[in-house]
Amino acid sequence: MKKLSARRRHPLAAVVVLLLALAATGGLYAAFAPAGTAKADETAQSLAIEEGKKLYSVGCASCHGTGGQGTSDGPSLVGVGSAAVDFQVGTGRMPAQQPGAQVPKKKTIYSQAEIDQLAAYVASLGAGPITPTESQYSPDGADIAKGGELFRTNCAQCHNFTGEGGALTYGKYAPNLEGVSPKHLYEAMQTGPQNMPSFPDTTMPEKEKKDIIAYVQAVNGEKADSPGGLSLGGLGPVSEGLFAWVFGLGALIAVAVWVAAHTAKAKKS
Amino acid sequence: MSTVTDTKKAPAGERVADWADGRLGIYTLAKANMRKIFPDHWSFMLGEICLYSFLIIILTGVYLTMFFHPSMNEVEYVGPYVPLQGQLMSEAFNSTMHISFEVRGGLLIRQIHHWAALIFLAGMFVHMMRVFFTGAFRKPREINWLFGFLLFFLGMFTGFTGYSLPDDLLSGTGVRFMQGAILSVPVIGTYLSMFLFGGEFPGGDFVARFYSAHVLLLPGIMLGLVVAHLILVFFHKHTQFEGPGRTNKNVVGMPLLPVYMAKAGGFFFLVFGVIAVIAAIASINPIWALGPYRPDQVSTGAQPDWYMGFAEGLIRVMPGWEINLWGHTLVLGVMIPLAIFPAVLAAIAVYPFIESWITGDKREHHIAQRPRNAPTRTGFGVAWITAYMIMLIGGGNDLWATHFHLSLNSITWFVRIFFFVGPVIAFIVTKRICLGLQRRDKDKVLHGRESGIIKRLPHGEFVEIHEPLSQGELHRLTAHEQYDAAALPPAVDENGVERKIGRMEKLRVKLNKGYYGGDSQIAKPTVEEYKEIQSGHGHH
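Predicted, not measured: the structure shown is a model, and the values here were computed from it.

S.K.: Summarise the nonpolar core; cite the residues concerned and give the values.
M.R.: Within the largest apolar cluster, 159 residues are counted, with the highest numbers of intra-cluster contacts made by Val122 of chain A together with Trp115, Ala116, Ile119, Phe120, Leu121 and Ile275 of chain B. Top element by residues in this core is helix α5 (residues 106-133) of chain B. It accounts for 16 residues. Two domains each provide a minimum of three residues to this core, namely domain 1 (47-131) and domain 2 (133-227) of chain A. Here Trp115 of chain B is in contact with Ala244 and Gly248 of chain A together with Ile275, Ile278, Ala279 and Ile284 of chain B, once residues within four sequence places are set aside.

S.K.: Help me get a handle on the packing of helix α12 (residues 309-317) of chain B against helix α17 (residues 408-447) of chain B, residues and values and all.
M.R.: All names here are of chain B. Packing of α12 against α17 leaves a shortest axis separation of 10 Å and a crossing angle of 110 degrees. Taken together, the axis directions place α12 and α17 in an arrangement best described as roughly perpendicular. Where α12 approaches α17, its residues Gly313, Arg316 and Val317 are matched on the opposing element by Thr412, Val415 and Arg416. Taken together, the residues of the contact of α12 with α17 sort by class into two nonpolar, two polar and two charged.

S.K.: Can you break down the pairing of strand β10 (residues 462-467) of chain B residue by residue, with the values?
M.R.: Residue and element names in this part refer to chain B. The buried fraction of β10 is low, at zero of six residues. Here strand β9 (residues 449-456) runs beside β10; their pairing, made up of five bridges, is antiparallel. Along β10, the bridge assignment pairs Glu450 with His466.

S.K.: Report on helix α4 (residues 91-101) of chain B, specifying residues and quantitative values.
M.R.: Of all eleven residues making up α4 of chain B, eight are buried, and the element is well covered by its neighbours. Buried residues along α4 of chain B sit in contact with α3 (46-65), β2 (74-76), β3 (88-90), α5, α9 (206-236) and α11 (287-290) of chain B.

S.K.: Help me get a handle on the domain arrangement of chain A, residues and values and all.
M.R.: By a widely used convention, the size of an interface equals the accessible area lost when the partners come together. Residue and element names in this part refer to chain A. Assigned domains of chain A: these are domain 1 (47-131) and domain 2 (133-227). One C-alpha centre belongs to domain 1, the other to domain 2; they are set 22 Å apart. Broken down by class, the residue content of the side of domain 1 that touches domain 2 amounts to seven nonpolar, five polar and two charged.

S.K.: Talk me through the pairing of β9 of chain B; I want residue IDs and the actual numbers.
M.R.: Where burial is concerned, little of β9 of chain B is hidden: zero out of the eight residues are buried. Between β9 of chain B and β10 of chain B, which pair antiparallel and follow one another directly, the connecting turn spans five residues, one of which, Gly460 of chain B, has a positive phi of 100 degrees.

S.K.: Please set out the UniProt feature "domain: Cytochrome b/b6 N-terminal region profile" (unreviewed entry) in chain B residue by residue, giving values where relevant.
M.R.: UniProt feature "domain: Cytochrome b/b6 N-terminal region profile" (unreviewed entry): in the numbering of this structure it lies at residues 16-242 of chain B. Note that residues 16-242 of chain B is 68% helix and 4% strand, and that its end C-alpha atoms are spaced 43 Å apart.

S.K.: Give me the lowdown on α9 of chain B, citing residues and values where you can.
M.R.: All names here are of chain B. Taking 1.5 Å per residue as the helical rise, α9 with its 31 residues ought to reach 45 Å, and the 42 Å between its terminal C-alpha atoms agrees with that figure. Turning to α9, its buried residues are Phe206, Val207, Phe210, Tyr211, His214, Val215, Leu218, Pro219, Met222 and His229. Elements in contact with the buried residues of α9: α3, β3, α4, α6 (142-164), α7 (169-183) and α8 (189-197). A positive backbone phi angle near 70 degrees is found at Lys237, which sits one or two residues after α9.

The rules behind the values
Residues numbered from 1 in each chain as written. Chains lettered and ligands numbered in written order. Predicted model: local features only at pLDDT ≥ 70, side-chain atom pairs only at ≥ 80, totals over all residues. Core = buried A, V, L, I, M, F, W, Y, C linked by C-beta atoms within 7 Å. Buried ≥ 20, exposed ≤ 12 C-beta atoms within 10 Å, placed from the backbone. Helix = DSSP H or I, 4+ residues; strand = E, 2+ residues; numbered from the N terminus. Domains from an automatic or database assignment. Contact = placed C-beta atoms within 7 Å. Axes fitted to C-alpha atoms, helices over the stretch in contact; angles between N-to-C directions. Parallel < 35°, antiparallel > 145°, perpendicular 65-115°, else oblique. Nonpolar A, V, L, I, M, F, W, Y, C, P; charged D, E, K, R; others polar. Pairing = 2+ DSSP bridges. UniProt positions renumbered as here; feature names shortened; annotations may be inferred. Expected span 1.5 Å × (residues − 1).

The following block contains the structure:
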């Protein structure tokens, strides 16, 4: 104490006290910061919900009802969560063009900011799967081979070996997964859009979803290569058979016609 | 042959030939066959495509056997293909991955082998149809037709066993399909399946068993049949189309040596080249993308190679009927397709015998017919192809659905209905087209070819000038013979006794009338008709 009282009039004492005070405030701020941002977010969130509700009334309410309660033309959106909205609107499936066996993927008409607002509004109707963050869906470092095994076990029966898509009953189908972003793949597994079953984290943990995304990216993404040459759509023996008939036998018959047309002739002169 | 007294030595080549002749009799063989004549027509080379692709399959297959391990022991994949690293798989799959990614030229050879197999079967199909539509299966070639049919039939199963060897998810599903078909056989199905797989499916045996069938048993039989097929072609001589100077007793064409040896040899390399190019640019059966077989996994789009697509279609469109009796299940949904499959193939195989019974013609035929001149047969053939193709649509119904945005169920119903209705429509339409073409031929013979030149007569009428056909063309269009429809003999014979006519004979005559009756062929122009028309020159 003696030392402290002896130096309390030191010229730098004020600086030290200031630093301590700053550290204390900073520390306290850091300790309570999450609550602080949440508070700030809440306002942003309510703003987003507000904006989302406006977008919803224009683009969605005619089928899903003014309060998302659903009508005869569209299901209730209470409890579908923001992930479902982000997937459906982000891939252009919603707003739907027309009712039918299945709503196809098309050009996205909302910006990501608008989609987020819509998602916020729909999420406010009832708790549901939340839009994943990049750390959740990013396939970096995932086990591709394990993903392949999981894919063949859970996905291939509708989406084909490498996600080329396949037919379901009465005009429904499992779409081609080529060019689908990791986020949308994750959300599809999470929410089970349209005819797809959902794979919540309780049945398929986040890590397995990442593995599957990594596999799909490896075999059907932009960087996927086909070591054997043209993949012929990756559809298996039907396209191979068609190719063999049209180009294989077709070329051989053309060659046969050419050979037969060039017969040996006794040359004079 | 040289004699001991020769002072000057014969050239080396001659001495070798003499040596061989003394032991193999090659001079007599060469004398008899070197000048063997073959007629020229592109469609006569379809069989060659089959022969050469068969040889290519054998050559590439031998290479593949050096690296393939027909074993189902489980191993972990440690090869270079990342998306499978660490996965458990059978040695068969592992070695096929090794062939594809590590053996020099392995993937190319594998793809040549597989593409050549598809082309071999497609070639045999087209070759068979050529023989069918030109009536080249008639006496004396019925046995050779059966040899050819057997080659196609065995080729399907050789292909199927080969497709199953890599033990990938696609082929494993195909083997499971086959096992299901075996299980549906009443009473003995389960025993057969246990016998074939050495226990419950999939067991640890089937790859080794399929391997011996694929590389030894089936190709061995096929090789024998190919040789027999070729010997019979030599023995019967090749058929030829109608033309000036061509009769049922001669063959007009080029000699085997040197012309056909050169052509056939060159054609072999062309076939090899085309298949190699296709194998180099297009992937086939990418097992790395399919993954190893596990009975708990399956993929959509699981189809067999095209030649088994017919069977796949039958199973896909058949309603899943079953009968449960006394604790046993009769799986009609699988059993009926399993019965229809060989029945449809047999229909085309036995056709030559049915036709020769209907016509009652016991003569030899060495002239290939033009399809239009046998409308009922052509109609039947097109009907058969139609049924076959409709079942191929059924076999690929899921891809039709996704690629043409159709409902899978509608396609299935279309196939169910048109498997029966389609052939009938095809038969009627084809027969009509054939008769139309016969009429056209008749018209061309009598009135000449339309020249496209319009002439205005002095009184203002416009007429088109018809150019008379050349003598050769006239011959070609009128040389075919036409049967007269058979008729039953009078019901009572000359003594007033009722004649006994068997039911089969009545059926035969009825069918014969269908084949050659009034509205089933157009009587070809007679010389009198021709002369009469030609004498009134300038008119039409």
